[in-house]
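Understanding the architecture of this molecule
So the chains spell out like this:
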Amino acid sequence: MQPQPFPPFLFVHLSSKLDTYYTVMDSLIAKGDAIQPLSKKRKRTESGKRTTKPSPSSDRTAASVAQKTSLPKSLRPTSPPPGHVPKNTHIKDLKLRTQLNRQASHAARAKDLLRDAELLLTNDAGTIQVENDLERTWRVGQDDIAASAGQEAAKGRQEWKLDGGPYRSRYTRNGRHLAIVGKTGHIATFDWQTGTIHAELQLRETCRDITFLQDQSFFAVAQKKYVFIYDRDGVEIHRLKAHIEPTRLEFLPYHWLLATVGNAGYLKYQDTSTGDLVAEHRTKLGACRAMTQNRHNAVIHLGHQNGVVSLWTPNLPHPAVQLLAHLGPVVSLTVDPSTGGRYMASSGADGTVKIWDCRNWKGAIREWTSRSGGGELEWSAKGALAVAAGGSVNVYTKPSIQTLFAPKVPPPLYLTHPIPHRPLTSVRFCPFQDILTVGHNAGLSSILVPGSGEPNFDSAEADPFENKRTRREREVKGLLDKIQPDMIALDPDFIGSLAPPSKLTTAVNDNHGIPFARLPRLERLRIQGKADETEIDAAAEGIEDADEQEEANANGQKVSNQQREKKKMRGRGKSLKRYLRKQRKNVIDPTAVAIRAKLEKQREERRTAKAIEKGEIIPKKPSALDRFRRP
């Protein structure tokens, strides 16, 4: 007998039974807490909104603590939006309105969190503190500082022994990358925190300075004859032939300008975004070996061989400020970034270090003598001044170096460190770190200076932890927000402000607003009542002669000198002058009379003000009825 097949309804019945069986088993296992999900359960409140709350059975300790405690705003997963966020109700597109509301709420929430974070920064911590008045901070050595500091901070205490010295160094704006250059042509750029080398070159020619451009992807080198620009891998990108025999380099990040000065005495600005030579100034003071920039207003400070310090901007062909700072060549210059570029320090070959107030330039507010002649200077982000002279590096802190002090004695010393490798050619503070890198003949030495670096960085300005995408976005934003070179001035707040109204107003007509001093001569004489009608007629005749000359030139004819002299002498006789003078005495011009009265009233007001200042006249007290009087 052949086996009979199962009817189809039996398969359907068995499959439904199996599904029911698996469903029941899953529910039993879940109720038995054999498998507990880690995700959070979403419940609805009475108003219908969804809320995210942890399951009470997941962590009973956290559930019991959460009833009486709350996380701070910065640690909450989602904080409520502030109340002052605009709603954008005028936008009809619902999708666009929602996107704008979300962006506004995120921006407002970020500002509130930043304001909360700034409340915590109430103390100036990080400096060396002594226990009593008999101890001194400069007696603490680098070994003791490295032992007391954290493990990550102690990594900044490093020594690089190199053979191509003396060396100069430069950090990026975020303090993550370091570029070094030796006088014999050894160049290297690397990430000093991880030890990753980006590029290393042996140019085998004299190199005097190095600087990064907008970030670590490009750097410029002042070589023997020209300025060269290299990329991150050390490939030569540009050769700037206009910059001959450069000695110092500075990059203005907000203007994308590379400023160079050399042995020829020319200060040049090169736009690195367009490749144009923006400005070229002849200093007329010879070779220059000291150069720095004021980060507050982007003004270039130059120190010359005759002891003169000059301040330059791209839009002025002459120095904005020029002063005699030292009796010998200026060795180094630096500007304090912690006070908004208010103070400048200069060092000369005469062995003196001077602190200047950039607001008045009336004289040095502090002056002292350093060891072994002039040395290199550098100001940190928190106002610590490093002076590298002789065989040691001395660090001074404010407010002692910024306080007016007549005697020529050094300010209180904060820290010192001996370096036997002479000469000391450069000092650089690492941004956002308490590290000072000193370049010398045998390489570079990094020492720890507690309290010298800014611990709080703005990620929108300079982010030490930025990735490739962030760097690319910041570069694009910097190009879009680039400031024009014409806007560089000593007072950065001057740009965008309105000119004050002129005290000396008007001439014949008050509507045009031309000051009296800028009017033409005949117009000024007419206002004062001293104008000669013959001069006015002669001026009109001169205009007519010019028109006739243009008309004759257009017709191909020439006006002879005799005809021109004949017309010029017409109406210039003495008898005609006497006649016109007599006729003019009886003429009354209402406009001239009104302006004479106005000038007389202004002179009377000035005389009254001077008399009140001297005490000759008692000022009249205002009355309540003055408002009803006509002006």
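The rules behind the values
- Residues numbered from 1 in each chain as written.
- Predicted model: local features only at pLDDT ≥ 70, side-chain atom pairs only at ≥ 80, totals over all residues.
- Heavy atoms only, no water.
- UniProt positions renumbered as here; feature names shortened; annotations may be inferred.
- Helix = DSSP H or I, 4+ residues; strand = E, 2+ residues; numbered from the N terminus.
- Phe/Tyr/Trp six-rings, centres within 6.5 Å; stacked < 30°, edge-to-face > 60°.
- Lys NZ or Arg CZ within 6 Å of the ring centre and 35° of its normal.
- Contact = heavy atoms within 4.5 Å.
- Salt bridge = Lys/Arg side-chain N within 4 Å of Asp/Glu carboxyl O.
- Buried < 20%, exposed > 50% of the residue type's maximum accessible area, 1.4 Å probe, protein only.
- Patch = residues over 30% accessible without salt bridge, like charges linked within 9 Å, V, L, I, M, F, W, Y side chains within 5 Å.
- Areas by Shrake-Rupley, 256 points an atom, 1.4 Å probe, with all protein chains shown as cover.
- Pairing = 2+ DSSP bridges.
- Axes fitted to C-alpha atoms, helices over the stretch in contact; angles between N-to-C directions.
- Parallel < 35°, antiparallel > 145°, perpendicular 65-115°, else oblique.
- Nonpolar A, V, L, I, M, F, W, Y, C, P; charged D, E, K, R; others polar.

In the annotation of an unreviewed UniProt entry, the entry for the chain reads U three protein 7, and the organism field reads Scleroderma citrinum Foug A. Checking UniProt for the chain, the heading Function (unreviewed entry) contains the comment "Involved in nucleolar processing of pre-18S ribosomal RNA."

A look at the UniProt feature "repeat: WD" (unreviewed entry) in the chain
Within this structure's numbering, the places UniProt gives as "repeat: WD" (unreviewed entry) are residues 323-357. End C-alpha to end C-alpha, residues 323-357 measures 12 Å, and it is 0% helix and 57% strand.

Remarks on the packing of aromatic side chains
For the structure on display, the rule yields six aromatic pairs. Among the aromatic residues, those joined into a cluster by ring pairs are Phe219, Phe228 and Tyr230. Seen from the ring of tyrosine 266, lysine 268 lies directly overhead, with NZ or CZ sitting 5.9 Å from the centre.

Digging into the environment of valine 261
Among the secondary structure elements, valine 261 is positioned in strand E13 (residues 257-262). Residues valine 261 and arginine 282 lie 21 residues apart in sequence; the distance between their C-alpha atoms is 9.9 Å. Valine 261 has contacts with Pro246, Thr247, Arg248, Tyr266, Leu267, Cys288, Met291 and Leu302, leaving out every residue within four places of it along the chain.

Some words on the pattern of salt bridges
Across all of its chains, the model carries 20 salt bridges by this definition. One salt bridge in this structure joins aspartate 271 and lysine 482, with 3.2 Å as the shortest N-O distance. With aspartate 271 in strand E14 (residues 266-271) and lysine 482 in the loop between helix H5 (468-480) and helix H6 (521-528), the pair connects residues that are 211 residues apart, well separated along the chain. In this structure aspartate 271 comes out as buried when scored by relative accessible area, which is 7%. Where arginine 603 meets glutamate 600, a salt bridge forms, and the shortest distance between an N and an O atom there is 2.9 Å. A residue pair is termed a helical-turn pair when its members lie 3 or 4 positions apart in one helix, as arginine 603 and glutamate 600 do in helix H10 (residues 590-614) at three residues. Among the residues examined, arginine 603 registers a relative accessible area of 35% and is labelled partly exposed. Within this structure, Arg168, Arg170, Asp209 and Glu250 form a network of salt bridges that share partners.

Focus: a nonpolar patch on the surface
Together, Met487, Phe494 and Ile495 make up an exposed nonpolar region whose accessible area comes to about 290 Å². Take phenylalanine 494: it is sitting in the loop between H5 and H6.

Observations regarding the sheet that holds strand E22 (residues 352-357)
Spatial ordering of the open sheet is given by E20-E21-E22-E23, a layout of four strands whose pairing is antiparallel. Each end of this open sheet is capped by a strand with a single partner; those strands are strand E20 (330-335) and strand E23 (364-369). Each neighbouring strand pair of the sheet contributes to a mean axis angle of 15°, computed without reference to strand direction. Of the pairings in the sheet, the one linking strand E21 (residues 343-348) to E22 comprises five bridges and is antiparallel in character. When the bridges of E22 are listed, tyrosine 343 appears paired with aspartate 357.

What about the packing of H6 against H10?
Packed helices, taken two at a time, are described by their axes: the angle between them and the distance between them. Orientation of H6 relative to H10, taken along the N-to-C sense of each, is 80°, at an axis distance of 8 Å. In this view, H6 runs roughly perpendicular relative to H10, as classed from their interaxial angle. Where H6 approaches H10, its residues Arg526, Ile527 and Gln528 are matched on the opposing element by Ala592, Ile595, Arg596 and Leu599. Residues belonging to the contact of H6 with H10 are distributed by class as follows: four nonpolar, one polar and two charged.

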